[in-house]
Amino acid sequence: MTEGLRYAYAVVRDTGAPEAALDPLTALEGVTGVADESVYAVRHLGLAVLAGAVPAEDYAEGPLRERLEDMAWLEKMARAHQRVVDTAGAESCVLPVRLATVCHGDEGLRRMLATGRERFIAALDRLEGRVEWGVKAYATQPAAEEPPAGTANAADAPSTPNDPGAMSGRDYLRRRKAQRQAAEQRWGDTEKGARLVHDTLGGLAEQSRLHPPQDPRLSGISDRNVLNAAYLVRREDSADFAERVGELAGRTPALRVELTGPWAPYSFTAMDEFTAVDETSGSAGETGSAGADG
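Rules of the game
Residues numbered from 1 in each chain as written. Predicted model: local features only at pLDDT ≥ 70, side-chain atom pairs only at ≥ 80, totals over all residues. Heavy atoms only, no water. Buried < 20%, exposed > 50% of the residue type's maximum accessible area, 1.4 Å probe, protein only. Helix = DSSP H or I, 4+ residues; strand = E, 2+ residues; numbered from the N terminus. Pairing = 2+ DSSP bridges. 1 Å grid on protein atoms, 1.4 Å probe; cavity = no way out; pocket = protein on both sides within 12 Å on 5 of 7 lines; lining within 4 Å. Points joined across faces, edges and corners; volume = space filled by probe spheres on them. Nonpolar A, V, L, I, M, F, W, Y, C, P; charged D, E, K, R; others polar. Contact = heavy atoms within 4.5 Å. Axes fitted to C-alpha atoms, helices over the stretch in contact; angles between N-to-C directions.

A. Here's a closer look at the pairing of strand β8 (residues 224–234). In terms of burial, β8 is largely enclosed, as 8 of its 11 residues are buried. Pairing between strand β6 (residues 130–139) and β8: 10 bridges, direction antiparallel. Within β8, the position partnered with V135 by the bridge is A229. Direction of pairing for strand β7 (residues 207–210) relative to β8: antiparallel, over a ladder of 4 bridges. From the neighbouring strand, L210 faces β8, where its bridge partner is A229.

Okay, structure coming up:
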């Protein structure tokens, strides 16, 4: 298997074991890639890239750029890409390659390994035995406030001098001021809680990354995202880290805290450095990572 287009998923160490015994490939038994293809390893200079053969009608440079405009197709590809990377990295250190990195043939994959060899090896040394955990915190919506007895719908109904249950203009303004102050207090508690979560977890992790807040139009979550972070944690410390997240989740009623992972270290691999460099073969298609921040 040498000619045709190759989709690159991740870079790993070449341990010298037969391909059938290479740990990431063993984990991938029965797992297919973005084109439902089998994943195999191309070895070079002490490294191996996990890759699969993909059809030109979808993954040649022109068709791929068009395909990337199709959000449903892109999402399906990203999920398959992530499935391969996370399965391979369940027990091994892997460096995720940028989403939609395609080379011409196995020789193009070898050029990628040769060009980035020093950076790949330095990153593998730094990330060996580490995993990524994602933590998101959302500002929860307060329960609907019940109007005071005798004032139901008073804000919407005109008051009359002879109506004892009507809310006066002064009372209405006072009530609105109290609601505004309560909202400001709640938002302050939310920001304080998010800082507490991040500072505490940052102290437990070797590194952390803050990602932009999620867009509710993309996530489908209406609550405001006030923390979207990734934490690099030693694999053996993962259980303690997850337990600490659970403890923090109950400390701020104004926050809802979500934990995801463990993942391959998407946020800590300098993704731009790990894109295929294959000038002679026409590396095609670059877009965002399929990592834990999505």
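Next, the rest of the story.
B. Structural view of the layout of surface pockets. Computed from the structure, the second largest pocket encloses a volume of approximately 190 Å³. Forming the walls of the second largest pocket are G33, V34, A35, D36, P55, D58, Y59, W73, K76, M77, A80 and R83. Contributions of two or more residues to the lining of the second largest pocket are made by α2 (56–59) and α4 (71–88). Top element by residues in the lining of the second largest pocket is α4. It accounts for 5 residues. When grouped by side-chain class, the residues that make up the lining of the second largest pocket number 7 nonpolar, 1 polar and 4 charged.

C. Focus on the side chain of H198. As for its placement among the helices and strands, H198 is situated in helix α7 (residues 169–204). Taking relative accessible area as the criterion, H198 reaches 17% and is therefore assigned buried. Leaving out residues up to four positions away in the same chain, H198 has contacts with S208, L210, L227, A229 and Y231.

D. Fine view of the sheet that holds strand β9 (residues 255–263). Taken in spatial order, the 4 strands of this open sheet run β7-β8-β6-β9, and their pairing is antiparallel. Among the strands making up the open sheet, the edge pair consists of β7 and β9. Across the sheet, the mean angle from the axis of one strand to that of its neighbour is 20 degrees, orientation sign disregarded.

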